[in-house]
Amino acid sequence: MADTTRRTGLHDLHIERGARMVPFAGWDMPVQFPMGVMAEHLHTRARAGLFDVSHMGQVLVTPGDGRIETAAAALETLIPADLAGLAPGRQRYGLFTNDQGGILDDLMVANRGDHFLLVVNAACAEQDIAHLRTLAGVRITPVTDRGLLALQGPEAEAVLARLVPGLGEMRFMDSRILDWNGADLWISRSGYTGEDGFEISVPEARLEEFARALLGHPEVAPIGLGARDSLRLEAGMPLYGHDMDGSVTPAQAALGWSIPKVRRRGGARAGGFPGAEVILPELGAPEVIRRGLRPEGRAPIREGVAIFAAPEGGEVLGHVSSGGFGPSVGGPVAMARLHVDLPEGGQVWAELRGKRLPVTLSALPFVSPSYKR
């Protein structure tokens, strides 16, 4: 049977750099480089890490009548965000929701002046594009000739500014098109690590050249999916398909903040998106919500592990949705959807290989973000 696993434009470069490749969301992706997951994680927090995120979906949404307001109004029928109020050159986090109030995907939406650029999760890209194509009055164009990189860490700006003049003026969640040696780079100041950084869409024909230019700087190391996961976990960021899915509401996923007043009950454009009648009443008072967990000791508690109210017997309170070791925290960290009344700093128990281990309920994120506001 033919192998249908897709490769990004940096596949050969990953192999050259000694990456261990794994299948992920239908793509052959680097899970780690010779530096190792722990060192890659700490390097990103201290200097700058380069991530290949070309597997993610990039989609243009263009109004048929040339009015950006038309595209914003159309997108707001699927996404409970304020896109009409999103200024040109800015981007915003949003959710696709279903009729039951669950989350179909999370995404970034950038206003590019006369159209919107959306970045969606790799595993959901086909479903999301089909979802978008139900909209009237807009043209949906999947971007198939560009790769996507993320440069994250405290030295990311200094490195990227050497290659791309004018970059330093960007602030968190700005979106710009800037030139690099004749190539248009679509750059946003955002990321998935809790660090300052950039996501850079690069023409496929120049992708490897640009990645090599970044890796030529001593501050930059290539980073795989393993460290990407531990970085986002420490930053308290949810992962689609794990911390949220079609059965989890925005409030339960602790993502109610992404739904602004204007789309809530009493707002000027309240509701009007799938599942609004479930989602909006729950925003102020969810019964369960995504919580942070700090297990005692060094053993990580991973996805699926049951959380109990007592060291013996007792009811199952929930299950870990994401978990692992946090290199910057210096110990295991995890997230689970648990009852809101459980006190922060209180204790619960995780059942690991038939034995219950004490776990402390912790605030999210586990590390403070360092975005350039």
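Positions within a chain are numbered from 1, following the residues in the order the chain's sequence is written. The model is predicted, so local features are restricted to residues of pLDDT at least 70 and side-chain atom pairs to those at 80 or more, both for listing and for counting; the totals for chains, interfaces and linings are taken over all residues. Hydrogens are left out, water is left out, and the side-chain values use all remaining heavy atoms of the structure.

You'll find the chain entered in an unreviewed UniProt entry as aminomethyltransferase, with Paracoccus gahaiensis given as the organism. Per UniProt, the comment on the chain under Catalytic activity (unreviewed entry) is "N(6)-[(R)-S(8)-aminomethyldihydrolipoyl]-L-lysyl-[protein] + (6S)-5,6,7,8-tetrahydrofolate = N(6)-[(R)-dihydrolipoyl]-L-lysyl-[protein] + (6R)-5,10-methylene-5,6,7,8-tetrahydrofolate + NH4(+)". UniProt positions are given in the numbering used here, feature names are shortened, and annotations may be inferred rather than shown by experiment.

(A) The arrangement of the domain arrangement of the chain in detail. Where each domain starts and ends follows an automatic or database-derived domain assignment. Along its sequence, the chain is organised into domain 1 (6-56 + 145-233) and domain 2 (287-373). Placing the centre of domain 1 and that of domain 2 at their C-alpha centroids yields a distance of 30 Å. Contacts between the two partners involve 16 residues from domain 1 and, on the opposite side, 17 residues from domain 2. Note: buried area is the sum, over both parts, of the accessible area (probe 1.4 Å) each one loses when the two are combined. Taken together, both faces of the contact between domain 1 and domain 2 bury some 1400 Å²; the carbon and sulfur share is 59%. Considering only the surface of domain 1 that becomes buried against domain 2, Phe 172, Gly 194 and Leu 233 emerge as the three largest contributors, covering 44% of it. Every case where a carboxyl oxygen of Asp or Glu lies within 4 Å of a side-chain nitrogen of Lys or Arg is listed as a salt bridge. Here domain 1 and domain 2 share one salt bridge between them. For Lys 372, the salt bridge is made with Glu 157, and the minimal N-O distance between the two is 3.8 Å. Definition of a polar contact: a pair of N or O atoms within 3.5 Å, with one able to donate and the other able to accept a hydrogen when the atoms are protein atoms, and with sequence-neighbouring residues admitted only if both atoms are side-chain atoms. On inspection of domain 1 and its partner domain 2, the count reaches eight residue pairs in polar contact (both at pLDDT 80 or more). Counting residues per element, the side of domain 1 that touches domain 2 draws most heavily on helix α2 (residues 37-46), at four residues. In the side of domain 1 that touches domain 2, the residues fall into five nonpolar, four polar and seven charged. Any two residues whose heavy atoms approach within 4.5 Å at even a single point are treated as in contact. In this text, helices come from DSSP runs of H or I with a minimum length of four residues, and strands from runs of E with a minimum of two, each type numbered from the N-terminal end. Each residue receives one of three labels: charged for Asp, Glu, Lys and Arg, nonpolar for Ala, Val, Leu, Ile, Met, Phe, Trp, Tyr, Cys and Pro, and polar for the others, Gly being one of them.

(B) Fine view of the pattern of salt bridges. Scanning the entire structure with this criterion turns up 20 salt bridges. The residue Glu 234 makes a salt bridge to Arg 45 at a minimum N-O spacing of 2.9 Å. One end of the pair, Glu 234, is in helix α7 (residues 225-234); the other, Arg 45, is in helix α2, with 189 residues separating them in the sequence. Working definition: with a 1.4 Å probe on protein chains only, accessible area under 20% of the residue-type maximum means buried, over 50% means exposed, and in between means partly exposed. The exposure class assigned to Arg 45 is buried, which follows from its relative accessible area of 14%. Across the pair Arg 232 and Asp 243 runs a salt bridge, and its minimum N-O distance is 3.0 Å. With Arg 232 in helix α7 and Asp 243 in the loop between α7 and α8 (276-282), the pair connects residues that are 11 residues apart, well separated along the chain. Arg 232 gets classed as buried once you look at its relative accessible area, which sits at 2%. On the basis of relative accessibility, which here comes to 0%, the residue Asp 243 falls in the buried class.

(C) Region of interest: the UniProt feature "domain: Aminomethyltransferase C-terminal" (unreviewed entry) in the chain. This chain's UniProt record puts "domain: Aminomethyltransferase C-terminal" (unreviewed entry) on residues 292-367. Here residues 292-367 runs as 0% helix and 54% strand, with 11 Å between its end C-alpha atoms.

(D) The environment of Leu 342, seen in detail. Within the secondary structure, Leu 342 sits in the loop between β18 (331-339) and β19 (347-352). For the pair formed by Leu 342 and Gly 57, sequence separation is 285 residues and the distance between their alpha carbons is 38 Å.

(E) Spatial organisation of the sheet that holds strand β3 (residues 27-32). At least two bridges found by DSSP between two strands is the condition for calling them paired. Overall, mixed pairing links the three strands, which are arranged β1-β3-β2 in an open sheet. Each edge of the sheet is formed by a strand with only one pairing partner; in this case those strands are β1 (6-7) and β2 (20-24). Bridge count between β2 and β3: five bridges; the pairing is antiparallel. Paired with Arg 20 across the two strands is Gln 32, which belongs to β3.

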